[in-house]
Amino acid sequence: MTTPSDPPTYPTRITRKELHRRVWATPVSRLAGEFGISGRGLGKICASRDIPVPPRGWWARRAAQRTATIQPLPTTRPADEIILIGHGSGARRRQMASEVSATVPAITVIIPDRLDAPSPPVAATRRAMTRRPREDGLLYPRRNSAALDLRVSPAQLDRALRILEGVSRALEECGLAIRIDREERVSLIEGLEETVTFALFERMKHVPYQPTQADLRRKASSPWITIPETVPVPAGRLTLAITNAEGLGIRQRWADGKVQRLETLAGKFIEGVYVAAHALRSDRERKAAWQRHLEEMRRQREQEQRDAALYSAREAYVLDCLKAWRRARDIRVMIEEFEGAITHSETTDRDDRNAWTEWARLYADRIDPSKGSLTNFPVEVKTGFDGWS
C-alpha cells in the first residue's frame, strides 16, 4: 500500500525539457535508478526523443574542473512534450511476482491435440468466427456475437482455439472462470482480486507490396496517388495478451518466438493473470489513496480560504470599529468644548444647545463600539468568535 504522497500511476511523467536538465545534472546510470529502469533503457529514451546526453569522459572533466560544455536541447521536438519513463521495468515485474508467488497454485496447462468437446466459451468462439478473412488476412468474431477476443488467420485458427481450450481448462482447475462480455466485446477472467481481460491474436509483419496493373494506372493518372511500399500480412506467430493492465509495469504479453512456442508459455500466462489481478488491485488502492489525499488537500484548501475570508472580514470590521471609536472620541471632545462654551456664554438658546449636546452624546455612545455588545457583530465576523487568534 502506497502512501498518499506517492504518485497515483506508474510510470513517471516528465517533460522533454526537464529530462534534458536532469541527464546533464545527474549521471544517466544513477538517474535511471530513480526511474526504476536501466541506464541503457534511459539512453534509448533520450535518443528516441532527440535529447543529448553527456559523452564518455564528460563527468570526469567536470570533476577535474575542466571545460565541460552542456549541449543545448534541440528544437526538433516540443520542449514540453510529455515522456513516460519506467513502464514495464524488470524491478517492478519482480516485485509484483514476489508479492503474489505464495498465492499462485501449481499450474499445468495441457493443450489438446483436437477440439472434440470444447468448453462453452471456446465452442461459442469457434461458431462466431467469420469464414472469410478481412483485408488484413485475419478472421474476427462476427459482430454482436458471444465470442472470446480472437484475431487470427485461417491457418492459425485451429491452433489458437486449442490454446484457448487448454487455458480455459487450466483456469477452471484454479477455481477461475472465463466470461464473454458481448457488449464490450472483451474476454474476462473472473475469480481473483480484480477482473482481468485478455486476447489472443496473430502478429503482423510487413512484406514488399507488389503493385497491380490497376495501381499503376491510377498512379499514372494522378501525381497525388501513392502506392504503398509494404503491406501487413499475418506472421504466423500467436500472442496471448492481458489487455487491461497497461502502465502497471508488469508483463502483459506471451508470444511465439523463433523457437519458443506459445503452448509452452500458457502456464506463464496464467501466472501473469494472478500478477495482473494483484497489480490492478494495488493500482486501484493506490488511486483511491491518492484521491483521498487530493480530497483532504481540497478540504484543507477550502478551509484555508474560509479562514482567510473570515480573517479579512474581521480585519475590516476592526478597522471600521477603530474609525467609529475615533469618531465617537472626537464627538465627545467637541461636546466638552461646547459645554464649556455654553457655561460661559450669555446666549438665550442655552436650552437648545444643551439638548443638542445631549443628543450628540447619545449619538457618540451609539456609534462607539466599546459601548456595544457581541450582538452587534456581523454574523460572518462573529462565527467562531472563540477561535480568534
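Owing to the predicted nature of the structure, the values given are computational and were not obtained by experimental measurement. (Residues numbered from 1 in each chain as written. Predicted model: local features only at pLDDT ≥ 70, side-chain atom pairs only at ≥ 80, totals over all residues. Heavy atoms only, no water.)

## Re helix H7 (residues 154–173)
One turn of an α-helix holds 3.6 residues; hence residues three or four places apart share an orientation.
Piece 1. Taking 1.5 Å of rise per residue, the 20 residues of H7 would be expected to cover 28 Å, and the 30 Å separating its terminal C-alpha atoms lies within 8% of that figure.
Piece 2. For H7, the tally of buried residues reaches 14 of 20 residues, placing the bulk of the element in the interior.
Piece 3. Immediately beyond the C-terminal end of H7, within one or two residues, lies Gly175, with a positive phi of roughly 85°. (Helix = DSSP H or I, 4+ residues; strand = E, 2+ residues; numbered from the N terminus. Expected span 1.5 Å × (residues − 1). Buried < 20%, exposed > 50% of the residue type's maximum accessible area, 1.4 Å probe, protein only.)

## Notes on the pairing of strand S5 (residues 186–190)
Piece 1. Here strand S4 (residues 177–181) pairs with S5 via 5 bridges, running antiparallel. Along S5, the bridge assignment pairs Asp181 with Val186.
Piece 2. Taking the residues that link successive antiparallel strands as the turn, the S4-S5 hairpin has 4 residues, and the phi of Arg185 there is positive, at about 60°.
Piece 3. In this structure, S5 lies alongside strand S6 (residues 196–208), joined through 3 bridges in antiparallel fashion. Counted as the bridge partner of Ile189 is Val196 from S6.
Piece 4. Counted between consecutive antiparallel strands, the loop separating S5 from S6 contains 5 residues, among which Gly191 sits at a positive phi close to 120°. (Pairing = 2+ DSSP bridges.)

## Structural notes on the nonpolar core
Piece 1. If you look at the biggest cluster of nonpolar residues, it comprises 46 residues, and the most contacted ones within it are Leu150, Ile189, Leu200, Phe269 and Ile270.
Piece 2. Contributing elements (two or more residues each) for this core: H7, S4, S6, strand S7 (230–242) and helix H9 (266–343).
Piece 3. Counting residues per element, this core draws most heavily on H9, which supplies 10 residues.
Piece 4. Residues contacting Leu150, with those up to four places away along its chain left out, are Thr125, Met129, Leu139, Tyr140, Pro141, Leu157, Ala160, Leu161, Leu164 and Leu200.
Piece 5. If you look at the next biggest cluster of nonpolar residues, it comprises 16 residues, including Ile14, Cys46, Trp58 and Leu73. (Core = buried A, V, L, I, M, F, W, Y, C linked by side-chain atoms within 4.5 Å. Contact = heavy atoms within 4.5 Å.)

## Looking at a positive patch on the surface
Piece 1. Taken together, the side chains of Arg203, Lys205, Arg237, Arg253 and Lys258 define a basic patch exposed on the protein surface.
Piece 2. Along the chain, Arg253 turns up in strand S8 (residues 253–255). (Patch = residues over 30% accessible without salt bridge, like charges linked within 9 Å, V, L, I, M, F, W, Y side chains within 5 Å. Areas by Shrake-Rupley, 256 points an atom, 1.4 Å probe, with all protein chains shown as cover. Salt bridge = Lys/Arg side-chain N within 4 Å of Asp/Glu carboxyl O. Lys, Arg positive; Asp, Glu negative; His and termini not counted. Charge placed at Lys NZ, Arg CZ, Asp CG, Glu CD.)

## Quick look at the pattern of salt bridges
Piece 1. Throughout the structure, instances matching the rule amount to 26 salt bridges.
Piece 2. Glu81 is paired through a salt bridge with Arg49; the nearest N and O atoms lie 3.5 Å apart. One end of the pair, Glu81, is in the loop between helix H4 (58–63) and strand S2 (82–85); the other, Arg49, is in the loop between helix H3 (39–48) and H4, with 32 residues separating them in the sequence.
Piece 3. A residue is classified by how much of its surface remains accessible, and Arg49, at 23% relative accessible area, is partly exposed.
Piece 4. Residue Arg361 pairs with Glu358 through a salt bridge whose shortest N-O separation is 3.1 Å.

## What about helix H2 (residues 28–35)?
Piece 1. By the burial criterion, the buried members of H2 are Leu31, Ala32 and Phe35. Buried residues of H2, seen end-on, are gathered within an arc of 105° and therefore sit on one face of the element. Exposed positions of H2 whose direction lies more than 90 degrees from the buried face are Ser29, Arg30 and Gly33.
Piece 2. Packing partners of the buried residues in H2 comprise strand S1 (12–15), helix H1 (16–23), H3 and S2.
Piece 3. Phi turns positive one or two residues past the end of H2, at Gly36, with a value near 80°. (Arc of directions from axis to C-beta.)

## Side note on the packing of H7 against H9
Piece 1. Relative orientation of the contacting elements H7 and H9 amounts to 50°, with a least axis distance of 10 Å. The orientation of H7 relative to H9 falls into the category oblique. In this structure, H7 meets H9 at a crossing whose hand is right-handed. For the pair formed by H7 and H9, the contact residues are Val167, Ala170 and Leu171 on the first element and Ala266, Phe269 and Ile270 on the second.
Piece 2. Its residues assigned to classes, the contact of H7 with H9 shows 6 nonpolar, no polar and no charged. (Axes fitted to C-alpha atoms, helices over the stretch in contact; angles between N-to-C directions. Parallel < 35°, antiparallel > 145°, perpendicular 65-115°, else oblique. Left-handed = near helix turned anticlockwise from the far one by under 90°. Nonpolar A, V, L, I, M, F, W, Y, C, P; charged D, E, K, R; others polar.)

## Here we look at the confidence of the model for the protein chain
Piece 1. Averaged over all residues, the pLDDT of the protein chain is 85; the fraction at 70 or higher stands at 87%.
Piece 2. This model gives residues 1–9 a pLDDT under 50, and the stretch forms 16 contacts once residues within four places in sequence are excluded. (pLDDT = per-residue confidence, 0-100.)

## Describing the side chain of Thr26
Piece 1. Topologically, Thr26 is positioned in the loop between H1 and H2.
Piece 2. What Thr26 contacts, discounting residues up to four positions off in sequence, is Leu31 and Trp59.

## A closer look at the packing of aromatic side chains
Piece 1. Summed over all chains, the structure comprises 6 aromatic pairs.
Piece 2. Here Trp254 and Phe269 contribute two aromatic rings whose centre-to-centre distance is 5.5 Å and whose plane-to-plane angle is 85°, an arrangement assigned as edge-to-face. Of this pair, Trp254 sits in strand S8 while Phe269 sits in helix H9, placing them 15 residues apart in sequence. For the pair shown, Trp254 and Phe269 are each scored as buried. (Phe/Tyr/Trp six-rings, centres within 6.5 Å; stacked < 30°, edge-to-face > 60°.)

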